[in-house]
Amino acid sequence: MDGGEEVLHGQRYQSRMRNEKKELFVKTYPNAHFYTDTGLFDAETAKTAFHEMFSTINYPIVQQLHTENFWVTDFGLGKFTEIGMGGIFWLNLKEENYFAHEIYLLPGQSIPEHRHMATPNAAAKRESWHVRHGWVRLFAEGEPTPGVEEWIPTTHQQCIQSKAMSRLMAGEVAHMGGPEQWHFMQAGDQGAVVTEYATYHDGDGLQFTHPKVAL
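The present account deals with the structure reproduced in this document. Keep in mind that what you see is a predicted model, and the values were worked out from it rather than measured. (Residues numbered from 1 in each chain as written. Predicted model: local features only at pLDDT ≥ 70, side-chain atom pairs only at ≥ 80, totals over all residues. Heavy atoms only, no water.)

**What about the overall build of the protein?**
Put simply, the rule is: The helix count covers DSSP runs of H or I at least four residues long, the strand count covers runs of E at least two residues long, and both are numbered beginning at the N terminus. The buried label goes to any residue with under 20% of its type's maximum accessible area, the exposed label to any with over 50%, and the partly exposed label to all in between, with areas taken from a 1.4 Å probe on protein chains only. When checking whether two residues touch, look at their non-hydrogen atoms; a contact exists if any pair is within 4.5 Å. Using a 1.4 Å probe, accessible areas were evaluated by the Shrake-Rupley method; residue-level cover was limited to the displayed protein chains.
Scanning the protein from N- to C-terminus turns up one helix and nine strands. Along its sequence from the N terminus, the protein presents helices and strands in the succession α-β-β-β-β-β-β-β-β-β. Burial analysis of the protein (215 residues in total) assigns 50% to the buried set. Taking contacts inside the protein between residues at least 6 apart in sequence as the whole, the part at least 24 apart equals 75%. Of the roughly 11,200 Å² that the protein leaves accessible, carbon and sulfur atoms contribute 50%.

**So, the pattern of salt bridges**
Opposite charge on two side chains permits pairing when their charged atoms draw close. Our working definition: Throughout this description, the term salt bridge denotes a Lys or Arg side-chain nitrogen within 4 Å of a carboxyl oxygen of Asp or Glu.
Tallying each qualifying case throughout the model produces two salt bridges. Across the pair Lys125 and Glu127 runs a salt bridge whose closest N-O atoms are separated by 2.9 Å. A relative accessible area of 5% places Lys125 in the buried class. In this structure, Glu196 and Lys125 form a salt bridge, with 2.7 Å as the shortest nitrogen-oxygen distance. Taken together, the positions of Glu196 in strand β8 (residues 183-198) and Lys125 in the loop between β4 (114-116) and β5 (127-140) put the pair 71 residues apart, joining distant regions of the chain.

**Digging into the pairing of strand β3 (residues 98-105)**
Strand residues, when the strand is regular, have side chains that alternate between the two faces of the sheet. This is how the line gets drawn: Following DSSP output, two strands are said to pair if at least two bridges run between them.
Taking burial as the measure, the eight residues of β3 include seven buried ones, the bulk of the element. If you look at the hairpin formed by strand β2 (residues 85-93) and β3, you'll find four residues sitting between the two strands, and Asn97 has a positive phi there, around 60 degrees.

**A few points about the environment of His201**
As for its placement among the helices and strands, His201 is situated in the loop between β8 and β9 (206-208). Assessed through its relative accessible area of 17%, His201 is described here as buried. For His201 and Leu91, which are 110 residues apart along the polypeptide, the C-alpha to C-alpha distance reads 9.8 Å. Contact partners of His201, with chain neighbours within four places excluded, come to Asn92, Phe99, His116 and Lys125.

**Focus: the side chain of Asp74**
This is how it is decided: All tallies of charge rest on Lys and Arg as positive and Asp and Glu as negative; His and the ends of each chain are not included. A 3.5 Å cut-off defines polar contacts: any pair of N or O atoms within that distance qualifies, except that in protein one atom must be a possible hydrogen donor and the other a possible acceptor, and neighbouring residues in sequence count only when both atoms are side-chain atoms.
Along the chain, the position of Asp74 falls in the loop between β1 (71-73) and β2. An unpaired buried charge is present at Asp74: no salt bridge exists, and Lys79, the closest side chain of opposite charge, is 11 Å distant. Within polar-contact distance, the side chain of Asp74 engages the backbone nitrogen of Gly76 at 3.0 Å. Dropping the residues within four chain positions of it, Asp74 is found in contact with Tyr35, Phe41, Phe80, Ile83 and Gly84.

**Remarks on helix α1 (residues 43-57)**
Using the following cut-off: What a helix is expected to span follows from its residue count: subtract one and scale by 1.5 Å.
With 15 residues, α1 extends 21 Å between its outermost C-alpha atoms, agreeing within 8% with the 21 Å of an ideal straight helix rising 1.5 Å per residue. Where α1 is concerned, the buried positions are Thr45, Ala46, Lys47, Ala49, Phe50, His51, Met53, Phe54 and Ile57. A distance of 3.2 Å separates the backbone nitrogen of Glu44 from a side-chain oxygen at the start of α1, and that oxygen is part of Asp42. Following α1 by one or two positions, Asn58 has its phi on the positive side, about 60 degrees.

**Let's talk about the packing of aromatic side chains**
Test applied: What counts as a ring pair is set by centres within 6.5 Å for rings of Phe, Tyr and Trp (its six-membered ring), and what kind of pair is set by the plane angle: stacked under 30 degrees, edge-to-face over 60, tilted for all other angles. Two limits define a charge over a ring: the Lys NZ or Arg CZ must be within 6 Å of the ring centre, and within 35 degrees of the ring normal.
Inspection of every chain in the model, using the stated rule, returns 17 aromatic pairs. Each ring, one from Phe50 and one from Tyr104, has its centre 6.4 Å from the other, and the planes form 50 degrees; the classification is tilted. With Phe50 in helix α1 and Tyr104 in strand β3, this pair connects stretches of sequence that are 54 residues apart. Looking at Tyr104, the relative accessible area reads 0%, which means it is buried. Positioned over the ring face of Phe99 is Lys125, at 4.2 Å from the centre of the ring. The ring of Trp135 has Arg167 sitting right over it, with the charged end atom 3.9 Å from the ring centre.

Don't take any of this as a statement about function, it's just geometry.
See below:
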């Protein structure tokens, strides 16, 4: 798909400043690289891979990215190169009702499909995504995009709910289509850094379609 003109359930803002294009080569690894001989997910190896990506794209490796505030997960599925991510929560303020999160994805990596439900303590979370590096495929509820099956992760082939796909490029912003809707994103071939702007995140409202996802 040509991602330059697509819109995902909301206004998209084009960056007026375009950097000169240059070829980047974000290193990739086989899935086994991120697991021990006994099959356990190796978080430190995953963090090292993200740090390598940060160095390649000149993303600032601030002190927080050397602490436990920087987290990585394979969501318990054992396929980190397909379903996994890194991230850091900058803010999550209940009383003020706002949230700031950085999403890190290695090349081709997807977040599992999920939605944010209202809870007794918070309204359903709303989100917008601002791509800082690379590009992502966004998947949302709606009319299925022709050929979308090609990009659905193998782990989600039987349970996917969001089949309206669009592409979000560096410097662009897109918004969640509506409260409590299924959605996920997938990095392109150079990985992705995505800033998420959102309302307060109550973890009790987070639901996944895949029955074996674990945090």
